Amino acid sequence: MTDLYAVVGNPIAHSKSPDIHNAFAEQTGEDLFYKTLLAPLDDFEGEVARFLEHGGSGLNVTVPFKENAFRLADSLTARAQRAQAVNTLKKMPDGTLQADNTDGAGLVRDLTVNHSVNLTGKRILLLGAGGAVRGVLQPLLEQDPAGIVIANRTVSKAETLAKDFADLGRVSASGFAEVEGSFDLIINGTSASLAGELPPIPVSVVHQNTTTYDMMYGSNTTVFNQWAEDHGALRTIDGLGMLVEQAAEAFYVWRGVRPQTARVMQSLRNERRR
């Protein structure tokens, strides 16, 4: 019997996750089908319950339900507990729901494996202090960087994150305009690029060997990455690889099989260019 998976969100029709996971299934020979699931804003829990009652085996969770999923789960992996947000739900053999967060693992794998970016001993600037940033802090700190600065418009939110993760490495907080020094890696975890906007950070954060990474992606260079290129960054990377790699990590959580991602990523890039 074919196992059923889905990505749940609102809105959700735009999601590339079905293309990615069904490609993974074909590649690995796993007998599954993956679809989108539109949940009402006021009934995420009910939609999940109905999906599982009708044979669902697992879910990816996207905006605006990642914190709902965190509260709904019966058990949490260590990285989900740290992130306090969930993008992967797995129905366990006893019927309970286990929650995980694969975003950080996807980001780190895209950086280190796909783009050969060494994070050890590097100075990293993280822009934003929302769920996207919280979800990637632990995996980034596990790479043993020299330090991470979290910059955010509301400094108190960045300070809270820095405190929550201080036991894992050197983490500090700043306002956008007050960031000091230059960085080896700058990661944009805000959604500003979607609105064609930039976090108001000083140009001095970029030096000639800086790599920038925007978690957002589109058919053209993101506004943030274009800004970085204009101010001399060595290389810029968008978030498409993170999307595919976090999906591969979720697939592994569900199936115990790790799919190859390169061909799927290339297919999505080609599709965007059409």
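Please read these numbers as outputs of a predicted model, since none were measured by experiment.

(A) Structural detail: the overall build of the protein. The helix and strand tally for the protein stands at ten helices and twelve strands. Taking 19 Å as the expected radius of gyration for a compact globule of 274 residues, we find that the protein reaches 18 Å, a close match to that expectation. With the C-alpha coordinates aligned to their principal axes, the bounding extent of the protein is approximately 55 × 40 × 30 Å. Looking at the protein as a whole, 49% of its 274 residues qualify as buried. A fraction of 66% describes how many contacts in the protein between residues 6 or more apart in sequence connect residues 24 or more apart. Accessible surface, the protein: about 12500 Å² in total, of which carbon and sulfur atoms supply 47%. Put simply, the protein has 25 plus and 32 minus side-chain charges, and the middle of one group is 3 Å from the middle of the other.

(B) Structural detail: the packing of aromatic side chains. Under the counting rule described, the total for this entry stands at five aromatic pairs. Judged by centre distance (6.2 Å) and plane angle (45°), the ring pair of Tyr-34 and Trp-254 falls under tilted. You can see Tyr-34 sitting in strand E2 (residues 32-38) and its partner Trp-254 sitting in helix H9 (residues 240-255), a full 220 residues away along the chain. Residues Tyr-34 and Trp-254 agree in their burial class; the two are buried. Three or more aromatic residues joined by ring pairs form one cluster here, namely Tyr-5, Tyr-34 and Trp-254. Its end group placed over the ring of Phe-183, Arg-123 keeps NZ or CZ at 4.1 Å from the ring centre. Taking the ring centre of Tyr-252 as reference, the NZ or CZ of Arg-258 above it sits at 4.5 Å.

(C) Focus on H9. With 16 residues, H9 should cover 22 Å at 1.5 Å per step; its first-to-last C-alpha distance of 23 Å lies within 8% of that length. Counting buried residues in H9 gives 15 out of 16 residues, a clear majority hidden from the surface. Count one or two residues on from H9 and you reach Gly-256, which has phi positive near 75°.

(D) Representation of the environment of Tyr-252. Position of Tyr-252 among the secondary structure elements: in helix H9. Of the residues examined, Tyr-252 reaches a relative accessible area of 37% and is grouped as partly exposed. Residues within four places of Tyr-252 in sequence aside, it is in contact with Val-257 and Arg-258.

(E) Molecular detail of the side chain of Ser-193. Looking at the element boundaries, Ser-193 is found in the loop between strand E10 (185-188) and strand E11 (211-214). Look past the residues within four positions of Ser-193 in its chain and what remains in contact with it is Asn-188, Asp-214, Met-216, Thr-222, Val-223 and Phe-224.

(F) Quick peek at the nonpolar core. The biggest cluster of nonpolar side chains holds 27 residues, and the ones touching the most others in it are Leu-107, Leu-111, Leu-140 and Ile-187. Elements with a minimum of two residues in this core: helix H5 (103-114), strand E7 (123-127), helix H6 (131-141), strand E8 (147-151), helix H7 (155-164) and E10. Per-element tally for this core: the top contributor is H6, with five residues. Sequence-distant contacts of Ile-187, that is, excluding residues within four places in its chain, are made with Leu-107, Leu-111, Ile-124, Leu-125, Leu-126, Leu-127, Leu-140, Tyr-213 and Met-215.

(G) Summary view of unusual backbone geometry. Cis geometry is found at the peptide bond from Asn-10 to Pro-11, where omega equals 5°. Looking at where Pro-11 falls in the secondary structure, it is placed in the loop between strand E1 (3-9) and helix H1 (17-28). Cis geometry marks the peptide bond from Val-63 to Pro-64; its omega dihedral reads 5°. For Ser-116, which is not glycine, the phi torsion reads 55° and is therefore positive. Positive phi values are uncommon outside glycine, yet Asp-144 reaches one of about 60°.

Parameters at a glance
- Residues numbered from 1 in each chain as written.
- Predicted model: local features only at pLDDT ≥ 70, side-chain atom pairs only at ≥ 80, totals over all residues.
- Heavy atoms only, no water.
- Helix = DSSP H or I, 4+ residues; strand = E, 2+ residues; numbered from the N terminus.
- Rg over C-alpha atoms; globule rule 2.2 N^0.38 Å.
- Buried < 20%, exposed > 50% of the residue type's maximum accessible area, 1.4 Å probe, protein only.
- Contact = heavy atoms within 4.5 Å.
- Areas by Shrake-Rupley, 256 points an atom, 1.4 Å probe, with all protein chains shown as cover.
- Lys, Arg positive; Asp, Glu negative; His and termini not counted.
- Charge placed at Lys NZ, Arg CZ, Asp CG, Glu CD.
- Phe/Tyr/Trp six-rings, centres within 6.5 Å; stacked < 30°, edge-to-face > 60°.
- Lys NZ or Arg CZ within 6 Å of the ring centre and 35° of its normal.
- Expected span 1.5 Å × (residues − 1).
- Core = buried A, V, L, I, M, F, W, Y, C linked by side-chain atoms within 4.5 Å.

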